[in-house]
Amino acid sequence: MNERTLRIDIKKDLFGANEDAAAKNAVMFKEHGITAIDIMGSVGTGKTQLIESLCERLSKSYPILMIAGDLDTRIDADRVGKHGVDTVQINTETACHLDARMIQVALNDVNLSKYKVVFVENVGNLICPAGYSLGTSKKIVVVSVTEGPYMIRKHPLTIKRSDMVVINKIDLAAILDFDIDALEHDIREVDALLPVFRVSSKTGEGLEELIRGLGL
Ligand code: MG
Ligand code: ZN
């Protein structure tokens, strides 16, 4: 009798395929001299407004492409498009994160030699986008003072897999009696060396420092 059991590690296979696609994207961005940035964060944390503020300041110096991930709308892409930036919308329908192959498909008809900066706004979700490399040069996570004090402690893996944290909406900290130092302390507990930027997309505070931190 011949009985075989195959144990397929779906997770390993899935993530492996994604890593291959991400490596290809990384080569493509590098060949075109593009700085590509994956921006992760919950719904309402201010990812789109942050990208808008960055585009306002950067679009004169760099040709920018924004890739927006969203379940069903192109609200974010349309907002950013108003700042003189080209946009590609990916509607993921049911998927709660972008993956590297979606980026490949999104870039299929794009002439990348036109751009120097690519901002990717990931689907609003602080959990699984961190597990999927897109081939970007940096993965940054945006948290804001409106999300309550436990965002970092509840999402340590996302912090571990990020290259930078932006604490957004600091203009509201006093009104909400929010302790930004305590939040930063939580980040330091996960990664003592991770760059942290305190920003208000609304007032512009901290944006210049962030731009320098992004190497732009
Ligand atoms: Mg958004
Ligand atoms: Zn997901």
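Because the structure is a prediction, the values reported are computed rather than measured.

Cut-offs and rules
- Residues numbered from 1 in each chain as written.
- Chains lettered and ligands numbered in written order.
- Predicted model: local features only at pLDDT ≥ 70, side-chain atom pairs only at ≥ 80, totals over all residues.
- Heavy atoms only, no water.
- Core = buried A, V, L, I, M, F, W, Y, C linked by side-chain atoms within 4.5 Å.
- Buried < 20%, exposed > 50% of the residue type's maximum accessible area, 1.4 Å probe, protein only.
- Helix = DSSP H or I, 4+ residues; strand = E, 2+ residues; numbered from the N terminus.
- Contact = heavy atoms within 4.5 Å.
- Pairing = 2+ DSSP bridges.
- Axes fitted to C-alpha atoms, helices over the stretch in contact; angles between N-to-C directions.
- 1 Å grid on protein atoms, 1.4 Å probe; cavity = no way out; pocket = protein on both sides within 12 Å on 5 of 7 lines; lining within 4 Å.
- Points joined across faces, edges and corners; volume = space filled by probe spheres on them.
- Nonpolar A, V, L, I, M, F, W, Y, C, P; charged D, E, K, R; others polar.
- Salt bridge = Lys/Arg side-chain N within 4 Å of Asp/Glu carboxyl O.
- Donors = N, O, S within 2.8 Å, 3.2 Å for Na, K, Ca; no water.

A.B. asks: Quick question: what am I supposed to make of the nonpolar core here?
C.D. replies: Note that soluble globular proteins tend to have their nonpolar side chains buried in a common cluster. If you look at the biggest cluster of nonpolar residues, it comprises 26 residues, and the most contacted ones within it are Leu-50, Leu-54, Phe-119, Leu-210 and Leu-214. At the level of secondary structure, the elements contributing two or more residues to this core comprise strand S1 (35-40), helix H2 (47-58), strand S2 (64-70), helix H3 (75-81), strand S4 (117-121), strand S5 (138-144), strand S6 (164-168) and helix H9 (207-213). Per element, the largest residue contribution to this core is five residues, and it comes from H2. Excluding anything up to four places from it in sequence, Leu-50 contacts Val-142, Val-166, Val-199, Ser-201, Leu-207 and Leu-210. Counting residues in each nonpolar core, the second largest holds 19 residues, with Met-40, Ile-159, Ala-173 and Leu-194 among its members.

A.B. asks: Explanation requested: the environment of Val-105 in the structure shown.
C.D. replies: Mapped onto the fold, Val-105 is located in helix H4 (residues 100-107). In this structure Val-105 comes out as exposed when scored by relative accessible area, which is 59%. When the C-alpha atoms of Val-105 and Asn-168 are compared, they prove to be 31 Å apart, with 63 residues separating the residues in sequence.

A.B. asks: Help me understand the sheet that holds strand S7 (residues 196-198) in this model?
C.D. replies: To summarise the sheet geometry, strands pair through backbone hydrogen bonds and adopt either a parallel or an antiparallel arrangement. With parallel pairing, the seven strands of this open sheet are ordered in space as S3-S2-S4-S1-S5-S6-S7. Two strands bound the open sheet, and with one partner strand each, they are strand S3 (86-91) and S7. Across the sheet, the axes of successive neighbouring strands diverge by a mean angle of 20 degrees, strand direction being ignored. Judged from the four bridges that link them, S1 and S5 form a sheet pairing that is parallel. The partner of Ile-37 across the bridge, within S5, is Lys-138. Across the sheet, H2 lies against S1, S2, S4, S5 and S6, angled at about 165 degrees from S4, the strand it touches most.

A.B. asks: Just to check I follow, could you spell out the layout of surface pockets for this structure?
C.D. replies: Take a probe with the size of a water molecule and roll it over the atoms, and the empty space left behind shows itself. Within this model, the largest pocket holds a volume of roughly 270 Å³. Lining the largest pocket are 17 residues, and of these Val-43, Gly-44, Lys-47, Asp-76 and Glu-121 sit closest to its centre. Elements with a minimum of two residues in the lining of the largest pocket: H2, S2 and H3. Along the lines of polarity and charge, the residues of the lining of the largest pocket split into three nonpolar, nine polar and five charged.

A.B. asks: Just to check I follow, could you spell out the pattern of salt bridges for this structure?
C.D. replies: Side chains that differ in sign of charge can pair as their charged atoms come close. Across all of its chains, the model carries nine salt bridges by this definition. Asp-38 is the salt-bridge partner of Lys-139, the closest N and O atoms lying 2.6 Å from each other. Placement of Lys-139 in strand S5 and of Asp-38 in strand S1 is noted, with a sequence separation of 101 residues between them. Asp-38 carries the same exposure label as Lys-139, and that label is buried. Residue Glu-184 pairs with Arg-198 through a salt bridge whose shortest N-O separation is 3.0 Å. Here Glu-184, found in helix H8 (residues 180-190), pairs with Arg-198, found in strand S7; they are 14 residues apart in sequence, far enough to count as distant. For Arg-198, a relative accessible area of 32% puts it in the partly exposed group. Overlapping salt bridges bring together Asp-181, Glu-184, Arg-188 and Arg-198 as one network.

A.B. asks: So what exactly am I meant to see when it comes to the coordination of the zinc ion (ligand 2) here?
C.D. replies: Four donors placed tetrahedrally about a metal ideally form angles of 109.5 degrees, and six donors placed octahedrally ideally form angles of 90 or 180 degrees. Only Cys-96 (SG), His-97 (ND1) and Cys-128 (SG) from the protein reach the zinc ion (ligand 2) as donors, at distances of 1.9 to 2.2 Å. Sequence spacing among the residues donating to the zinc ion (ligand 2) works out to C-H-x30-C. With a gap of 31 residues between them, His-97 in the loop between S3 and H4 and Cys-128 in the loop between S4 and S5 connect regions that are remote in the sequence. With a relative accessible area of 12%, His-97 lands in the buried category.

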